[in-house]
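Inside the fold
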Amino acid sequence: MTMACVSTAKGAAAIAVVEVFGSGAVDVVRSIFQSDTGKPCAFKESVIYTGYVTDDGEIIDHVVAASTEENAIEISCHGNPLIVEMVMGALSKAGAKLVDAEKLIAEKLIAKGRTNSIEIEAEIEKLKAVSMAGVKAIAANDLSAVACDWLKRIDSLTIDDIKDKCKDILSASEPAKYLIGVCRAVIAGPPNSGKSTLLNFLCGREKAIVTDIAGTTRDWVSGTCRAGDLVIELFDTAGLDASIIGESAIDGESQRRSRQLLNECDIVLLVLDSTQSADEFDFDIITKSGKKVITIFNKSDLGEMPGEQGSINISAMTGAGIDQLMKLISDVLVGNGQIAKTICFTERQTAILKRITKCDNIKSTKDLIKELVNGEI
Ligand SMILES: Nc1nc2c(ncn2[C@@H]2O[C@H](COP(=O)(O)OP(=O)(O)OP(=O)(O)O)[C@@H](O)[C@H]2O)c(=O)[nH]1
Ligand SMILES: [Mg+2]
């Protein structure tokens, strides 16, 4: 089978790279490629060919093509997404199956004799990890060896031994998840406490509208920032105020969206105004979300609150306390940054380990471990 994928990121750029892989790669590319020399190309490894990609005789783009390894050809075309789409269309007509980059990487590894699904996932996830700490956590990970060892010793192990170990792995994987992927932090709190000011400060630009009118933010606004090794997607939400839910359809919807984001995030940054009483605020909404929470007393330039565990005084306006806030976020999500040797790092692995913890016979447990090691990615 021959596959083709776009290896470069979506969007307009100077160039885009399209990869064609499989036993028919040379034939497929040859059928759409008109070499500048006018001769058919052999696509020898490490030789660069220039020519036109065509579709039914119509020229799409002038490109550079090279075989990077056996059965793999990279086409560097111009980066207009329209051109990329047309090149992919021509490849599809020529018989290539269009896949995403992850699938193609997996197929390349399988073709090289790699059959262990966890190890293939490790190669893919290392390419996507958002921090070096995340890459290192995956590289040092021994889940594959642990699972293979379970299979080898399955007759001498009890289901409870395996279940307990799976539970340990699942909880040890939590901090690693935040180093490998983007963390979602919701900025919540009463109206006018400075949530949008905080988002703007952390993102380094004026993304959200700030005014002294309570209820300024209605639709949520997001932005990205870093906290140590973490990449954090911040969501600024409408000030939580149950009393305005019935006031208008827009208020009702914006309150609903704030609550929905609360339930989907990894951490809540609860912003309170240190100059105002929070007696009216319904803390239950935050508590019931069951999420990790950092209480932020904002407007410290006007007066500070006594410090408590899990809380911090900042001024989103002057930036005072922001460094300490970023450190606190990192501490709450990844502790001291020490990542266990055995972790799961994909949704597939996590789902299988969770299923094992609910399994009550050794045969199904064994089947699930086999799926973990050799199942479809
Ligand atoms: N002095 C002082 N004022 C601040 C600080 N942070 C925000 N403000 C002011 O507080 C008011 C409300 O700020 P916003 O960022 O719009 O507050 P919000 O929580 O997003 O408000 P809603 O979207 O209405 O819920 C504005 O007048 C800000 O300039 C701060 O650290 N110090
Ligand atoms: Mg706001």
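Residues numbered from 1 in each chain as written. Chains lettered and ligands numbered in written order. Predicted model: local features only at pLDDT ≥ 70, side-chain atom pairs only at ≥ 80, totals over all residues. Heavy atoms only, no water.

**Topic: the nonpolar core**
We count it as follows: To qualify as a nonpolar core, a set must consist of buried Ala, Val, Leu, Ile, Met, Phe, Trp, Tyr and Cys residues joined through side-chain atoms within 4.5 Å. Note on exposure labels: buried denotes an accessible area under 20% of the residue type's maximum, exposed denotes more than 50%, and partly exposed covers the range between, all computed with a 1.4 Å probe on protein chains only. Helix and strand assignments follow DSSP, with helices taken as H or I runs no shorter than four residues and strands as E runs no shorter than two, numbered in order from the N terminus. When checking whether two residues touch, look at their non-hydrogen atoms; a contact exists if any pair is within 4.5 Å.
Ranked by size, the top nonpolar core spans 30 residues in total, and within it L198, L230, I232, L234, I294, I296 and L325 carry the most contacts. For this core, the secondary-structure elements that each account for two or more residues are α7 (159-180), β8 (183-188), α8 (195-203), β9 (221-227), β10 (230-236), β11 (267-273), β12 (292-298) and α11 (322-334). L325 has contacts with L198, I294, I296, I312 and I314, leaving out every residue within four places of it along the chain.

**Structural notes on the confidence of the model for the chain**
Test applied: The predictor attaches a confidence to each residue, called pLDDT, with possible values from 0 through 100.
For the chain, per-residue confidence averages 92 on the pLDDT scale, and residues scoring 70 or more make up 99% of the total. Per-residue pLDDT, averaged within each element of the chain, yields its smallest value for helix α9 (residues 249-264) (84) and its largest for strand β7 (residues 97-98) (98).

**What about the environment of I329?**
Examined against the element boundaries, I329 turns out to sit in helix α11. Using a relative accessible area of 1% as the deciding quantity, one classes I329 as buried. Between the alpha carbons of I329 and L170 there is a distance of 21 Å; along the sequence they are 159 residues apart. Not counting residues within four places of it along the chain, the set of residues in contact with I329 comprises L230, I232, L269 and I294.

**What to know about the site of ligand 1**
Applied cut-off: When we say a residue is near a molecule or strand, we mean one of its heavy atoms is within 4 Å of it. A 3.5 Å cut-off defines polar contacts: any pair of N or O atoms within that distance qualifies, except that in protein one atom must be a possible hydrogen donor and the other a possible acceptor, and neighbouring residues in sequence count only when both atoms are side-chain atoms. The Shrake-Rupley method, run with a 1.4 Å probe, gives the accessible areas here. Residue values count only the displayed protein chains as cover. Classification used: nonpolar for Ala, Val, Leu, Ile, Met, Phe, Trp, Tyr, Cys and Pro, charged for Asp, Glu, Lys and Arg, polar for all others including Gly.
The environment of ligand 1 is formed by 23 residues, the closest being K195, T197, G215, T216 and D301. Between ligand 1 and the protein, one listed contact pairs an oxygen atom with a side-chain N or O atom of K195 at 2.6 Å. At 3.5 Å, a backbone N or O of I213 approaches an oxygen atom of ligand 1. Protein coverage of the free-state accessible area of ligand 1, which is 650 Å², stands at 91%. Looking at the shell around ligand 1 element by element, the count peaks at three residues for α8. Its residues assigned to classes, the shell around ligand 1 comprises seven nonpolar, 12 polar and four charged.

**Looking at the side chain of N200**
As for its position among the elements, N200 is in helix α8. By relative accessible area, N200 is classed as buried at 5%.

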